[in-house]
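# Structural characterization, general
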Amino acid sequence: MTGRNKWISLGVLALLIALLPLFFPSGYYYRVGALIFVNALSVVGLVILIGYAGQISLGHAGFAGIGAYACALAPEHLGLHPALAVLLGAVVSGVMAALIGKPILRLKGYYLAVATLGFGILVSMVLTNERALTGGPDGMNVADLGLRGLLRDMGWRLSGGEFWYMICGVVLLVGAWLALNLFDSPSGRAMRALHGSEVAASTVGVDVPRQKLRAFVISAVYASVAGSLLALQNGYITPDVAGFMHSVEMVTMAVLGGVGSVLGATFGAAILTLLPQVLTVFAEYEQLVLGLVMVLVMIFLPQGLLPSIARRLKGRDE
Amino acid sequence: MMSKTTTALATLAALGALTGAAQAEIRLGVSVSATGPAAFLGDPEAKTIEMLVEQLNEEGGINGEEIALTLYDDGGDPNKARTFATRLVEDDEVVAILGGSTTGTTMSILSVAEDEGIPFISLAGAISIIDPVREFVFKTPHTDRMACEKIFTDMQAQGITKIGMISGTDGFGASMQAQCKEVAGDHGIEILADETYGPQDADMTPQLTRIRNTDGVQAVLNPGFGQGPAIVTRNVAQLGFEIPLYQSHGVASDAFIDLAGAEAAEGLRLPGTALLIADKLAEDDAQYEVVTSYTEAYKAKYDQDVSTFGGYAHDAFALIVDAITRAGDSEDPQAIRDALEETSGLVGTTGTYSFSPEDHLGLDLSAFRMLEIKDGDWLPVE
């Protein structure tokens, strides 16, 4: 990807975020938009881990859980402002990722998948069982960010949906910008090199364990911030956010949209967030349709939806 | 090319055609967990409401206006529940919301309802839903605390003062465990042993043995849900306990007797609703008519037995229909809320509801009936 491509990707994303509300018939669409952005943010993190560095994680919902509960717990117990709690959650997630990443990133393939899966389940179990702290499976309230009230006092009235659409959109743009910057940076090149061949990468001087760990920590921070944003906009959080299915959902979004591309990942997140909303009429068949879409994409468009479509448009069929 | 068309279709569908009916009807919104881990709650709830709406519309609706029902399945996911609640309010423009099968989904829906000023009747148990009272939030199931009080009242009558407790660590068991500990003192009950088990555990003999070895325990109480209480019941029988066993309203269903075995369950007591003893209610019982007509209609339509949870949905629907009728204006959520709060003496399957500005649950302990299992069937004890 060249520098020009980076700005095209960012420009397309920014335009979509800014212009889509013009077509929204009701406030509900802001909510769906904000959800898409939150999901896309954690999926962009996975693009760095899976797409750039070629590692797999089935436990990233665990980091989303840490981010989410940081926003719920820190204001209540430490008196932190919710905005600072987002940072705290990101730091805790990053440190956790560094600590557990060191041993488990030595594993490859299935073993890495199972180890990350174990981590995700551990977080989810702690959140469910530490009832005194987290409220257990019933969940707990999350303090208000307070920014919306501040804007209102300044004369800018926003509904909850509009406000979160804006915040999540901006955070997603920043996240996408950082991820795209990383792509062409020395670290990004090193990650992509080890993705191609660890042996080859290490012979040309890439510190393989270090770069793997870096990708893991960065993606954990993305997931954590996404979890925080979800908690703040919902105002209520349950351990579901750290559940195994949420981890799988993230990976599915990344793979569906195109795991090597930031824009593709966003696209995958959009589709998998929208489908359940579109399919409410056929709620019973939702899983069936999702599975079918997934299988078809894997067979016919193994690169993921967006990269495959882009390639066809350019007339460079495989 | 194929993929482009599919994508374009999906996007179009997502952006465009999501709107519900918009005629001169009463728009009612429902979000329940009809699938997923809480489906045992949401499935009978969804079926009940669909059936009741159909019945009501056949009879001519409310003041001549039919009900247009929009029902979503949130799969027990609070995040989805919040999205559907937003959709019901913003897009489907409903005048009231019923649902929230679990405490988590209810808490998500209620903040939307409060923000937008739409009356919401929850079908979940936790006391935190209505305490403190929120302007637009009501609920139909009794709280865990009331179940504890009902059980302790019965214990008092039996002269029991010292008990052992064994609770599940799932949401239901843990919440009830905490509530029971809080109110035990008020009834002169002392909890000598307090054991727990995981929701998937297959044997509770060690915990029960510890309870049996605790001096002075006169009864065992098991707040829990699902298969756990059935295993406790069987273990208690195997260990040859000679003291009474109390279960919670969480297992008040015929399936529980089948699971535990009629022999092991013989003589145990629990607080349940009138629905459970529909066929044994006296004809002059206040709830006779409501309970019989609901159980018969449900059985006829779905060929399944009713459950307590479907009963919660039945009562929520009855409450909202009653409120809309009295409000006189089926377009104004505020008027419906006000009418709802004035509900007085509405007989449901769970109990008799009377709301007030201080009480958005509106049930008292009389809603529970103390039941004993006798020869594999429920027997009301007074």
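Please read all numbers here as calculations on a predicted model, not as lab measurements.

Next up on the list: the overall build of chain B. Across its full length, chain B holds 13 helices and 14 strands. Computed over the C-alpha atoms, the radius of gyration of chain B is 22 Å, within 12% of the 21 Å expected from 2.2 N^0.38 for a compact globule of 382 residues. Along the first, second and third principal axes, the C-alpha atoms of chain B reach 70 × 60 × 40 Å. Residue pairs in contact within chain B that sit at least 24 positions apart in sequence constitute 68% of those at least 6 positions apart. Here chain B has roughly 14,700 Å² of accessible surface; of this, 49% comes from carbon and sulfur atoms. In chain B, the 23 positive side-chain charges and the 61 negative ones have mean positions that sit 6 Å from each other.

Here the focus is the pairing of strand β7 (residues 190–197) of chain B. Alignment of strand β6 (residues 162–168) of chain B against β7 of chain B, held across seven bridges, turns out to be parallel. Residue pairing across strands places Ile166 of chain B opposite Glu195 of chain B, the latter belonging to β7 of chain B.

This model, assessed by the stated rule, comprises one disulfide over all chains. Put simply, Cys148 of chain B and Cys180 of chain B are joined by a disulfide, and their sulfur atoms are 2.1 Å apart. Residues Cys148 of chain B and Cys180 of chain B share a disulfide whose torsion about the S-S bond is about -90°; that sign makes it left-handed. Here Cys148 of chain B, found in helix α5 (residues 144–157), pairs with Cys180 of chain B, found in helix α6 (residues 171–184); they are 32 residues apart in sequence, far enough to count as distant. Grouping residues by exposure puts Cys148 of chain B and Cys180 of chain B together as buried. Here Cys71 of chain A is not disulfide-linked; the sulfur of Cys168 of chain A is the nearest cysteine sulfur, at 12 Å. Relative accessible area serves as the criterion here: at 0%, Cys71 of chain A is assigned to the buried category. Taking relative accessible area as the criterion, Cys168 of chain A reaches 1% and is therefore assigned buried.

Residues and elements named next belong to chain B. Across all of its chains, the model carries one cavity of 30 Å³ or more by this definition. Size it by volume and the largest cavity reaches roughly 30 Å³. At the level of secondary structure, the elements contributing two or more residues to the lining of the largest cavity comprise β10 (269–272) and α12 (308–327). The residue makeup of the lining of the largest cavity, split by class, is four nonpolar, five polar and no charged. Counting contributing residues per domain, the lining of the largest cavity is built from domain 1 (24–143 + 292–366) and domain 2 (146–277 + 368–380), each supplying no fewer than three.

Quite often, the size of an interface is put as the accessible area lost when its parts meet. Counting residues at the interface gives 28 residues for chain A and 30 residues for chain B. Here chain A packs against chain B, burying approximately 2,700 Å² in sum over the two surfaces, 61% of which is carbon and sulfur. There are zero salt bridges connecting chain A and chain B. On the surface where chain A and chain B come into contact, there are eight residue pairs in polar contact (both at pLDDT 80 or more). Those elements that place two or more of their residues in the side of chain A that touches chain B are α2 (28–52), α11 (208–234), α13 (262–278) and α15 (305–313) of chain A. Split by residue class, the side of chain A that touches chain B holds 15 nonpolar, seven polar and six charged.

All names here are of chain A. At a closest axis distance of 8 Å, the pairing of α2 and helix α9 (residues 186–196) adopts a crossing angle of 45°. With respect to α9, the element α2 is oriented oblique. Between α2 and α9, the residues in contact are Ile48, Ile50, Gly51 and Tyr52 and Met191, Arg192 and His195, respectively. For the contact of α2 with α9, the per-class residue count stands at four nonpolar, two polar and one charged.

The next thing to look at is the UniProt feature "transmembrane region" (unreviewed entry) in chain A. The feature "transmembrane region" (unreviewed entry), as given by UniProt, occupies residues 7–24, 30–51, 58–75, 81–100, 109–127, 163–183, 254–275 and 287–306 of chain A in the numbering adopted here. Taken end to end, residues 254–275 of chain A is 82% helix and 0% strand, and its first and last C-alpha atoms sit 15 Å apart.

Residues and elements named next belong to chain B. With parallel pairing, five strands are arranged side by side in an open sheet as β2-β1-β3-β4-β5. Of all the strands in the sheet, just β2 (67–73) and β5 (137–139) have a single pairing partner and so form its edges. Neighbour-to-neighbour, the strand axes of the sheet open up by a mean angle of 20°, direction not taken into account. Taken strand by strand, helix α4 (residues 103–116) contacts β1 (26–32), β3 (96–99), β4 (120–122) and β5, and its axis lies near 165° from that of β4.

Looking now at the nonpolar core. Side chains of nonpolar character tend, in soluble globular proteins, to be buried together. Core analysis: the biggest nonpolar cluster contains 116 residues, and Phe152, Met155, Phe317 and Ile320 of chain B have the highest contact counts within it. Per-element accounting of this core gives the leading share, 10 residues, to α12 of chain B. Lining this core are residues from two domains, each supplying at least three of them: domain 1 (24–143 + 292–366) and domain 2 (146–277 + 368–380) of chain B. With sequence-adjacent residues up to four places away left out, Phe152 of chain B is seen in contact with Ile163, Cys180, Val183, Ala184, His187, Ile189 and Leu221 of chain B. In this structure, Tyr29, Leu229, Leu230 and Ile271 of chain A belong to the second largest nonpolar core, which totals 93 residues.

Residues and elements named next belong to chain A. It is at 8 Å that the axes of helix α3 (residues 60–78) and helix α5 (residues 109–129) come closest, and there the two elements cross at 30°. Contact residues: α3 offers Gly62, Phe63, Gly65, Ile66 and Tyr69, while α5 offers Phe119, Gly120, Val123 and Leu127. Classifying every residue of the contact of α3 with α5 by side-chain character gives six nonpolar, three polar and no charged.

Before going further, it helps to examine the UniProt feature "domain: Leucine-binding protein" (unreviewed entry) in chain B. In this structure's numbering, the residues bearing the UniProt feature "domain: Leucine-binding protein" (unreviewed entry) are residues 25–362 of chain B. Taken end to end, residues 25–362 of chain B is 44% helix and 16% strand, and its two terminal C-alpha atoms sit 29 Å from one another.

To continue, consider the environment of Thr295 of chain B. All names here are of chain B. Relative to the helices and strands, Thr295 is located in helix α11 (residues 288–302). Separated by 188 residues in sequence, Thr295 and Met107 have C-alpha atoms that sit 30 Å apart. Those residues within four positions of Thr295 in sequence are excluded, and the remaining contacts are Leu275, Ala278 and Val306. At 2.8 Å, the side chain of Thr295 and the backbone oxygen of Val291 are in polar contact.

Attention shifts here to unusual backbone geometry. Residues and elements named next belong to chain B. Following Asp131, the chain continues to Pro132 via a peptide bond in cis, the omega torsion being 5°. Structurally, Pro132 is set in the loop between β4 and β5. Its identity as a non-glycine residue notwithstanding, Asp303 has a phi of 55°, on the positive side. Mapped onto the elements, Asp303 comes out in the loop between α11 and α12. Unusually for a residue other than glycine, Asp375 sits at a positive phi of about 50°.

Reading guide: rules and limits
Residues numbered from 1 in each chain as written. Chains lettered and ligands numbered in written order. Predicted model: local features only at pLDDT ≥ 70, side-chain atom pairs only at ≥ 80, totals over all residues. Heavy atoms only, no water. Helix = DSSP H or I, 4+ residues; strand = E, 2+ residues; numbered from the N terminus. Rg over C-alpha atoms; globule rule 2.2 N^0.38 Å. Contact = heavy atoms within 4.5 Å. Areas by Shrake-Rupley, 256 points an atom, 1.4 Å probe, with all protein chains shown as cover. Lys, Arg positive; Asp, Glu negative; His and termini not counted. Charge placed at Lys NZ, Arg CZ, Asp CG, Glu CD. Pairing = 2+ DSSP bridges. Disulfide = S-S within 2.5 Å. Buried < 20%, exposed > 50% of the residue type's maximum accessible area, 1.4 Å probe, protein only. 1 Å grid on protein atoms, 1.4 Å probe; cavity = no way out; pocket = protein on both sides within 12 Å on 5 of 7 lines; lining within 4 Å. Points joined across faces, edges and corners; volume = space filled by probe spheres on them. Nonpolar A, V, L, I, M, F, W, Y, C, P; charged D, E, K, R; others polar. Domains from an automatic or database assignment. Buried area = accessible area lost by both parts, 1.4 Å probe. Salt bridge = Lys/Arg side-chain N within 4 Å of Asp/Glu carboxyl O. Polar contact = N/O pair within 3.5 Å; in protein donor to acceptor, adjacent residues only side chain to side chain. Axes fitted to C-alpha atoms, helices over the stretch in contact; angles between N-to-C directions. Parallel < 35°, antiparallel > 145°, perpendicular 65-115°, else oblique. UniProt positions renumbered as here; feature names shortened; annotations may be inferred. Core = buried A, V, L, I, M, F, W, Y, C linked by side-chain atoms within 4.5 Å.

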